[in-house]
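# Per-entry structural report
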Amino acid sequence: MMLVRILLAIILNALALGAASWLVPGISGSGAGDSTGDIILSYLFFGAIFGLVNVTIKPIVSLLSLPITCLTLGLFAIVINALMLLLTGWLTSVLPWSSFEVDGFWAAVLGGIVVAIVSALLNRFLVRPSTR
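Report follows, based on the coordinates. (Residues numbered from 1 in each chain as written. Predicted model: local features only at pLDDT ≥ 70, side-chain atom pairs only at ≥ 80, totals over all residues. Heavy atoms only, no water.)

## Description of the overall build of the chain
Short version of the rule: For helices the rule is a DSSP run of H or I covering at least 4 residues; for strands it is a run of E covering at least 2, with both sets numbered from the N terminus onward. Our radius of gyration is a C-alpha quantity, and the globule rule it is checked against amounts to 2.2 Å times the number of residues to the power 0.38. Contacts are residue-level and defined by heavy atoms, with any inter-residue pair within 4.5 Å sufficient. Method for areas: the Shrake-Rupley scheme with a 1.4 Å probe, in which residue coverage is limited to the protein chains shown. Counted charges follow a simple rule, with Lys and Arg positive, Asp and Glu negative, and His plus the chain ends left uncounted. Where a charge lies is defined by one atom per residue type: Lys uses NZ, Arg uses CZ, Asp uses CG and Glu uses CD.
Looking only at helices and strands, the chain features 6 helices and 2 strands. Its helices and strands taken in sequence order, the chain reads α-β-α-α-α-α-β-α from the N to the C terminus. Since a compact globule built from 132 residues should have a radius of gyration of about 14 Å, the 15 Å found for the chain is in line with a globular shape. Expressed as lengths along the three principal axes of its C-alpha atoms, the size of the chain is roughly 45 × 45 × 25 Å. Across the chain, contacts joining residues at least 24 apart in sequence account for 71% of those joining residues at least 6 apart. For the chain, the computed accessible surface area is about 8200 Å², with 75% contributed by carbon and sulfur atoms. For the chain, the distance from the average position of its 5 positive side-chain charges to the average position of its 4 negative side-chain charges is 31 Å.

Shown next, in the form of structure tokens:
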């Protein structure tokens, strides 16, 4: 059951990152080839890296920046999301066969907003569907 939840989280992250690269100029992903399968595998890999960054590093950064997050009434959380997106881009740039590129801080801010909205919607309707 835990493996299914991890795979679902990777798929949802991949979809959110794909939406960000489609909607935000300055965010792009490239894979080993141009075929659809290569692109899907690349985004699944990007989703896994993004998930690892969000599980390991984001809680530490969020805790350390709690005073400024409170001071800005939560708006600093957008900056934290942008930094996690930039870190994901940097971590994938060291690989020769695929790269998730984020061109600058403002693209990361817009991308972080898109990823947060898409992730929230996907989690709402796919992970916990309504029981009507």
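From this point, the discussion proceeds with the structure in view.
## Description of unusual backbone geometry
The condition that has to hold: Buried, partly exposed and exposed residues are distinguished by accessible area as a fraction of the type maximum, computed with a 1.4 Å probe on protein chains only: under 20%, between the cut-offs, and over 50%, respectively.
Phi angles above zero are rare outside glycine, and Leu 73 is one such case at about 55°. Counting through the fold element by element, Leu 73 comes out in the loop between α4 (66–71) and α5 (76–93). Owing to a relative accessible area of 79%, Leu 73 belongs among the exposed residues under this scheme.

## Quick look at the environment of Val 118
Tracing the backbone shows Val 118 in helix α6 (residues 105–127). Residue classification places Val 118 among the buried residues on the basis of a relative accessible area of 18%. C-alpha of Val 118 to C-alpha of Ala 19: the two residues are 99 residues apart in sequence and 7.5 Å apart in space. With sequence-adjacent residues up to four places away left out, Val 118 is seen in contact with Leu 15, Ala 16 and Ala 19.

## A few points about the nonpolar core
How we decide: Among buried residues, the Ala, Val, Leu, Ile, Met, Phe, Trp, Tyr and Cys ones that are joined through side-chain atoms within 4.5 Å form a nonpolar core.
Within the largest apolar cluster, 26 residues are counted, with the highest numbers of intra-cluster contacts made by Leu 17, Ile 27, Leu 85, Phe 100 and Val 115. Elements supplying a minimum of two residues to this core: α1 (2–23), α2 (36–56), α5, β2 (99–102) and α6. When residues in this core are grouped by element, the largest group, 7 residues, is from α6. Not counting the four nearest positions on each side in its chain, Phe 100 is found in contact with Leu 17, Ile 27, Ser 28, Gly 29, Tyr 43, Phe 46, Leu 85, Thr 88, Gly 89 and Thr 92.

## Side note on α1
Put simply, the rule is: Multiplying one less than the number of residues by 1.5 Å gives the expected span of a helix.
Given a rise of 1.5 Å per residue, 22 residues ought to cover 32 Å, and the 32 Å separating the end C-alpha atoms of α1 matches this to within 8%. Within α1, the full set of buried residues consists of Leu 12, Asn 13, Ala 14, Ala 16, Leu 17, Ala 19, Ala 20 and Ser 21. Contact partners of the buried residues in α1: β1 (27–30), α2, α5, β2 and α6.

## Here we look at the packing of aromatic side chains
Convention followed: Centres within 6.5 Å make a pair out of two Phe, Tyr or Trp rings, where for Trp the six-membered ring is used; the pair is then stacked when the planes are under 30 degrees apart, edge-to-face when over 60, and tilted otherwise.
Throughout the structure, instances matching the rule amount to 4 aromatic pairs. Aromatic side chains Tyr 43 and Phe 46 sit 5.3 Å apart centroid to centroid with 80° between the ring planes, which places their arrangement in the edge-to-face category. In this pair, Tyr 43 and Phe 46 are both assigned in helix α2, 3 residues apart and thus about one turn of the helix distant. There is no split in this pair, since Tyr 43 and Phe 46 are both buried.

## Digging into the side chain of Thr 69
Counting through the fold element by element, Thr 69 comes out in helix α4. Judged by its relative accessible area of 16%, Thr 69 falls in the buried class. Thr 69 has contacts with Gly 74, Phe 76, Ala 77 and Ile 80, leaving out every residue within four places of it along the chain.

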